[in-house]
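Architecture at a glance
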Amino acid sequence: MRPEPEHDYTQYVAARLPRLHRIAYQLLGDRHRADDAVQDALTTLYQRWTRIREVRNLDAYVHTMVVRAALSDRRRFWSRVALWDSPPEVVREPDGPGVEQVMVLRQALRALPEGQRTVLVLRFLCDLPVEEVAGVLGRSEGTVKSQTSHGLRTLRRMLLRAEESAV
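So, here's what we can say about the structure. Keep in mind that what you see is a predicted model, and the values were worked out from it rather than measured. Residue positions are given per chain, counted from 1 along the sequence in the order it is written. Reporting of local features is limited, given that this is a predicted model, to residues whose pLDDT is at least 70; pairs of side-chain atoms are given and counted only at 80 or more, and all residues count toward the totals for whole chains, interfaces and linings. Excluding hydrogens and water, the side-chain values take into account all heavy atoms of the structure.

1. Focus: the overall build of the chain
Put simply, the rule reads: A run of DSSP states H or I qualifies as a helix once it reaches four residues; a run of E qualifies as a strand once it reaches two. Both are numbered from the N-terminal end. Accessible area is worked out with a 1.4 Å probe on protein chains only. A residue is then buried under 20% of its type maximum, exposed over 50%, and partly exposed in between. Contact criterion: two residues are considered in contact whenever any of their non-hydrogen atoms come within 4.5 Å of each other. Using a 1.4 Å probe, accessible areas were evaluated by the Shrake-Rupley method; residue-level cover was limited to the displayed protein chains.
In terms of helices and strands, the chain carries seven helices and zero strands. Starting at the N terminus, the α and β elements of the chain follow one another as α-α-α-α-α-α-α. A buried classification covers 35% of the 167 residues belonging to the chain. Considering only residue pairs separated by 6 or more positions, the chain has 66% of its internal contacts joining residues 24 or more positions apart. Working note: accessible area of the chain is about 11100 Å², and carbon and sulfur atoms make up 52% of it.

2. Observations regarding helix α2 (residues 31-48)
This is how the line gets drawn: Expected helix span is computed as 1.5 Å times (number of residues minus one). Polar contact is defined as a pair of N or O atoms within 3.5 Å, subject to the rule that within protein one atom must be able to donate a hydrogen and the other to accept it, and that residues adjacent in sequence are counted only when both atoms are side-chain atoms.
Helix length check: α2 (18 residues) gives 26 Å between terminal C-alpha atoms against 26 Å at 1.5 Å per residue, within 8%. Those residues of α2 lying buried are Arg-33, Ala-34, Ala-37, Val-38, Ala-41, Leu-42 and Leu-45. Near the N-terminus of α2, the side chain that reaches the backbone nitrogen of His-32, with its oxygen 3.1 Å away, is that of Asp-30.

3. Describing the packing of aromatic side chains
Centre distance and the angle of the planes are the two values used to describe a pair of aromatic rings. Selection criterion: Aromatic pairs are defined between Phe, Tyr and Trp rings, using the six-membered ring for Trp, whenever the two ring centres lie within 6.5 Å; interplanar angles under 30 degrees are classed as stacked, those over 60 as edge-to-face, and all others as tilted.
All chains considered together, the criterion is met by three aromatic pairs. Between Tyr-9 and Trp-49 the ring centres are 5.3 Å apart and the planes differ by 75°, which places this aromatic pair in the edge-to-face class. Of this pair, Tyr-9 sits in helix α1 (residues 6-28) while Trp-49 sits in the loop between α2 and α3 (58-75), and the two are 40 residues apart along the sequence. Assessed through its relative accessible area of 12%, Tyr-9 is described here as buried. Look at Trp-49 and you get buried, because its relative accessible area is 3%. With a centroid separation of 5.9 Å and an interplanar angle of 45°, the aromatic rings of Tyr-12 and Trp-49 are classed as tilted.

4. A look at α1
Quick reminder of the rule: A residue's bend is the angle separating two fitted axes: one through the seven residues that end there, the other through the seven that start there.
Of all the bends in α1, the greatest reaches close to 50° and is centred on Arg-16; the proline Pro-18 follows between one and four positions later. Those residues of α1 that sit buried are Tyr-9, Tyr-12, Val-13, Leu-20, Ile-23, Ala-24, Tyr-25, Gln-26, Leu-27 and Leu-28. Two residues or fewer past α1, Gly-29 is found with a positive phi of approximately 75°.

5. Quick word on a positive patch on the surface
To keep it simple, the criterion reads: The residues that make up patches have over 30% relative accessible area and no salt bridge, and they are joined within 9 Å when like-charged or within 5 Å when they are Val, Leu, Ile, Met, Phe, Trp or Tyr. Salt bridges are defined by distance alone: a side-chain nitrogen of Lys or Arg within 4 Å of a carboxyl oxygen of Asp or Glu. When charges are counted, neither His nor the chain ends are considered; positive counts come from Lys and Arg and negative counts from Asp and Glu. In plain terms, the charge of a residue is placed at NZ if it is Lys, CZ if Arg, CG if Asp and CD if Glu.
On the surface, Arg-153, Arg-156, Arg-157 and Arg-161 cluster together to form a positively charged patch. Among the secondary structure elements, Arg-153 is positioned in helix α7 (residues 141-166). Under the relative-accessibility criterion, Arg-153 is labelled partly exposed at 38%.

6. Let's talk about the packing of α1 against helix α5 (residues 114-125)
Stated precisely, the cut-off is as follows: Only the stretch in contact is used when fitting a helix axis, every axis being a line fitted to C-alpha atoms; angles between N-to-C directions are given from 0 to 180 degrees. To sort the angles, those under 35 degrees are grouped as roughly parallel, those over 145 as roughly antiparallel, those from 65 to 115 as roughly perpendicular, and the leftovers as oblique. Note: crossing handedness is left-handed where the near helix turns anticlockwise from the far helix by less than a right angle, and right-handed where it turns clockwise. Each residue gets one of three labels, nonpolar for Ala, Val, Leu, Ile, Met, Phe, Trp, Tyr, Cys and Pro, charged for Asp, Glu, Lys and Arg, and polar for the others, Gly among them.
For the pair α1 and α5, interaxial distance at closest approach is 9 Å and the crossing angle is 150°. Looking at the two axes, α1 sits roughly antiparallel to α5. Our pair here, α1 against α5, has a crossing hand that is right-handed. In this structure, α1 uses Arg-19, Arg-22, Ile-23, Gln-26 and Leu-27 to contact α5, whose residues at the interface are Arg-117, Thr-118, Val-121 and Leu-125. Here the contact of α1 with α5 is built from residues that sort into four nonpolar, two polar and three charged.

This is the structure we're talking about:
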């Protein structure tokens, strides 16, 4: 059952937009660039919407589009341009317990190499199995497994160091 009318496209996007944005944000670490990546993916989806019946798993298809748009964004020259020596201070109101832990985790995730970060986001944020991650990224399942293992090990080390320095 695949909808065709534009109204169905709008409903589909509205229901999934927060999750798609969260995925792009975790990959890129910047809200504005995440918005751009999601917008690129959704523009392409809109252009293909009439042929969407051919897709078996629409959510996986759209997640793949967002991941590829985010990775494409990272490869652009302007994405490597740094305008400041350090990022500006962001004042954030506490919105619940564990805000500091979330910030430390995000910082550690951004410090991972791109391949490891992408695999961890797809595996644990998107809850995709190894086979689907391999398909999305065009890599072997063994590569996905090793990048998951190395990424988790590195992430644990970074979080332990952050915890020790906070004490």
